[in-house]
Amino acid sequence: MNTIDFLNFSGKKALIRVDFNVPLDDHFNITDDNRMVGAVPTIEKILKDGGSVILMSHLGRPKDGPDDKYSLRHIVKHLAILLNRDVHFAPDCIGEDAIAKSKALKSGEVLLLENLRFYKEEEKGDEAFAKKLAQLGDVYVNDAFGTAHRAHASTAIIAKFFPDAKYFGYLMAGELANAEKILNHAERPFTAIMGGAKVSDKILLIEKLLEKVDNLIIGGGMAYTFAKAQGGQIGTSLCEDDKMALALELMEKAKQKKVNLILPVDTIIADAFSPDAKTAVVKTGTIPSDWMGLDIGPETAKLFSEVIKNSKTILWNGPMGVFEMDKFEVGTKAVAVAVVEATKNGAFSLIGGGDSAAAVSKFGFEDQVSYVSTGGGALLEYMEGKELPGVKAIYHSGSGPE
Ligand SMILES: Nc1ncnc2c1ncn2[C@@H]1O[C@H](COP(=O)(O)OP(=O)(O)O)[C@@H](O)[C@H]1O
Ligand SMILES: O=C(OP(=O)(O)O)[C@H](O)COP(=O)(O)O
């Protein structure tokens, strides 16, 4: 793999695509800086070599040109703290000012460009826009794993302009190596834990995992589609009626493949989707008509935990309940505790997905699992077996713009 270790960056200007699409609160404080922290080793290696760094990223999904709400200027201060040095900022990612600021960069200096998505050309994968960005550096580095599933100007198209000078950053390389380890070198027993809101988001991954895992645990909102498909009463719980047949098919496939598919046996129900809702515990499939399931129940937490603790490889994607509300975090926390315990006993645990990562950090366990991925959609697509445009662009050995 063509990582930045193949080059001494002394005297070079490295144009790095990072994924600094971090969550911000109403006061523009960063609520989870995992993605920024993840890019630091790449930046530091280049600076240590004697190179300079131009960072480019998107933030959010601005609809209509520049919008202060999505400005990357909000993260400059925090980036300076993480890098322990000043960070210059260019309020337009292309144009004369960005070119001048990039030219003026001295060895060891860092420039952050304004949000790439302030130009619609970014998401369109516009080649002329990519060319303008390419003028800003001598070498292109892609370290934006979280955005590697997008074929955008800065993540994929731009690589054409660096046929002999394009590299993977350390975060990208680490993410790919860990995903690879899970998919192709998993020690057994291998347990996948799937949760989150919808079955439809994760069908392809579930199908793929049925070829690989010993245990497949399904919790969270998606479990109610399985419960209803089996004839259970689920009240007003989340359900995708059009995926019920598929849920039964997946159960049948698991049986054929001798995969232990484990579904919740009980559930915590609420009379409203609210932190102050009235709650009760009932058996799966017995939810009264105007109640909804918002977490797995205590029997289920015990059942899932036992399986997890006896695993040697664990992939976790999606929370077990609405963990954002303290009343419905118990199941997700129990699973997190079991993953931590298994990891302590030598298992390899990979946490993927924005909300699963947020849950693990809410409980303060991020340093007690093997790896927390910075990718949501990107990790899912990679694990489903899709080629990521951001990865392909670096591997492709084209000889210049087509
Ligand atoms: N029983 C449930 N009812 C409604 N929402 C749920 C339920 N269980 C989990 N969720 C929600 O699912 C969301 C996470 O889903 P998803 O985006 O698929 O996870 P991830 O980002 O980890 O892949 C969380 O916001 C959580 O509140
Ligand atoms: O947050 C991201 O993806 P994720 O929500 O799948 O983790 C990436 O920064 C990609 O953003 P996008 O989904 O707006 O292209």
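Residues numbered from 1 in each chain as written. Chains lettered and ligands numbered in written order. Predicted model: local features only at pLDDT ≥ 70, side-chain atom pairs only at ≥ 80, totals over all residues. Heavy atoms only, no water.

(A) Focus on the UniProt feature "binding site: (2R)-3-phosphoglycerate" (unreviewed entry) in the protein. UniProt's feature table lists "binding site: (2R)-3-phosphoglycerate" (unreviewed entry) at Arg35, Arg117 and Arg150, given in the numbering used throughout. By secondary structure assignment, the location of Arg35 is in helix 1 (residues 34-49). Those residues within four positions of Arg35 in sequence are excluded, and the remaining contacts are Asp19, Phe20, Asn21, Val22, Gly146, Leu171, Thr374 and Gly376. A polar side-chain atom of Arg35 sits 3.1 Å from the main-chain carbonyl oxygen of Asn21. (UniProt positions renumbered as here; feature names shortened; annotations may be inferred. Helix = DSSP H or I, 4+ residues; strand = E, 2+ residues; numbered from the N terminus. Contact = heavy atoms within 4.5 Å. Polar contact = N/O pair within 3.5 Å; in protein donor to acceptor, adjacent residues only side chain to side chain.)

(B) The arrangement of the sheet that holds strand 1 (residues 13-17) in detail. Strand order in this open sheet of six strands is 3-4-2-1-5-6, and the pairing throughout is parallel. The sheet is open, and its two borders are formed by strand 3 (88-90) and strand 6 (166-168), each paired with just one other strand. Across the sheet, the mean angle from the axis of one strand to that of its neighbour is 25 degrees, orientation sign disregarded. Bridge count for strand 5 (residues 139-142) against strand 6 is three bridges, and the pairing is parallel. Bridge pairing in strand 6 places Val141 opposite Tyr167. This element, helix 1, spans strand 1, strand 2 (52-56), strand 4 (110-113) and strand 5 of the sheet and lies at about 150 degrees to strand 2. (Pairing = 2+ DSSP bridges. Axes fitted to C-alpha atoms, helices over the stretch in contact; angles between N-to-C directions.)

(C) Broad picture of the site of ligand 1. In the neighbourhood of ligand 1, 19 residues make up the surrounding shell, with Lys202, Gly293, Glu324, Asp355 and Ser356 lying closest. Gly293 has a polar backbone atom sitting 3.1 Å from a nitrogen atom of ligand 1. Separating an oxygen atom of ligand 1 from a side-chain N or O atom of Asn317 is a distance of 3.3 Å. For ligand 1, the protein covers 84% of the area, taking 580 Å² as the surface of the free molecule. Secondary-structure elements contributing two or more residues to the shell around ligand 1 are strand 14 (292-296) and helix 12 (354-362). A per-element tally of the shell around ligand 1 places helix 12 first, with three residues. Looking at side-chain class alone, the shell around ligand 1 contains six nonpolar, ten polar and three charged residues. (Near = heavy atom within 4 Å. Areas by Shrake-Rupley, 256 points an atom, 1.4 Å probe, with all protein chains shown as cover. Nonpolar A, V, L, I, M, F, W, Y, C, P; charged D, E, K, R; others polar.)

(D) Just the UniProt feature "binding site: ATP" (unreviewed entry) in the protein, in detail. The UniProt record marks Lys202, Gly293, Glu324, Gly353, Gly354, Asp355 and Ser356 with the feature "binding site: ATP" (unreviewed entry), using the residue numbering of this structure. Among the secondary structure elements, Gly353 is positioned in the loop between strand 16 (348-352) and helix 12. Apart from residues lying up to four places away in sequence, Gly353 is in contact with Asn317, Gly375 and Gly376. Here Gly354 is to be found in helix 12.

(E) Representation of unusual backbone geometry within the structure. Residue Pro189 is bonded to the preceding Arg188 through a cis peptide linkage, with omega at 0 degrees. Along the chain, Pro189 falls in the loop between helix 6 (170-184) and strand 7 (190-194). With a phi angle near 65 degrees, Phe28 is a residue other than glycine that sits in the positive phi range. Along the polypeptide, Phe28 turns up in the loop between strand 1 and helix 1. Here the phi dihedral of Asn84 falls at roughly 55 degrees; this positive angle occurs in a residue that is not glycine. For Asn84, the position within the fold is in the loop between helix 2 (76-83) and strand 3. Classification of Asn84 as exposed rests on a relative accessible area of 70%. (Buried < 20%, exposed > 50% of the residue type's maximum accessible area, 1.4 Å probe, protein only.)

(F) Highlighting the sheet that holds strand 11 (residues 266-270). Read from one edge of the open sheet, three strands run 12-11-14, paired in antiparallel fashion. Of all the strands in the sheet, just strand 12 (279-283) and strand 14 have a single pairing partner and so form its edges. Strand-to-strand twist across the sheet, computed as the mean angle between neighbouring axes with direction ignored, equals 40 degrees. The sheet contact formed by strand 11 and strand 14 spans four bridges and is antiparallel. By the bridge assignment, Ile268 is partnered in strand 14 with Asp295. Relative to the sheet, helix 10 (residues 298-309) contacts strand 11, strand 12 and strand 14, its axis offset from that of strand 14 by approximately 35 degrees.

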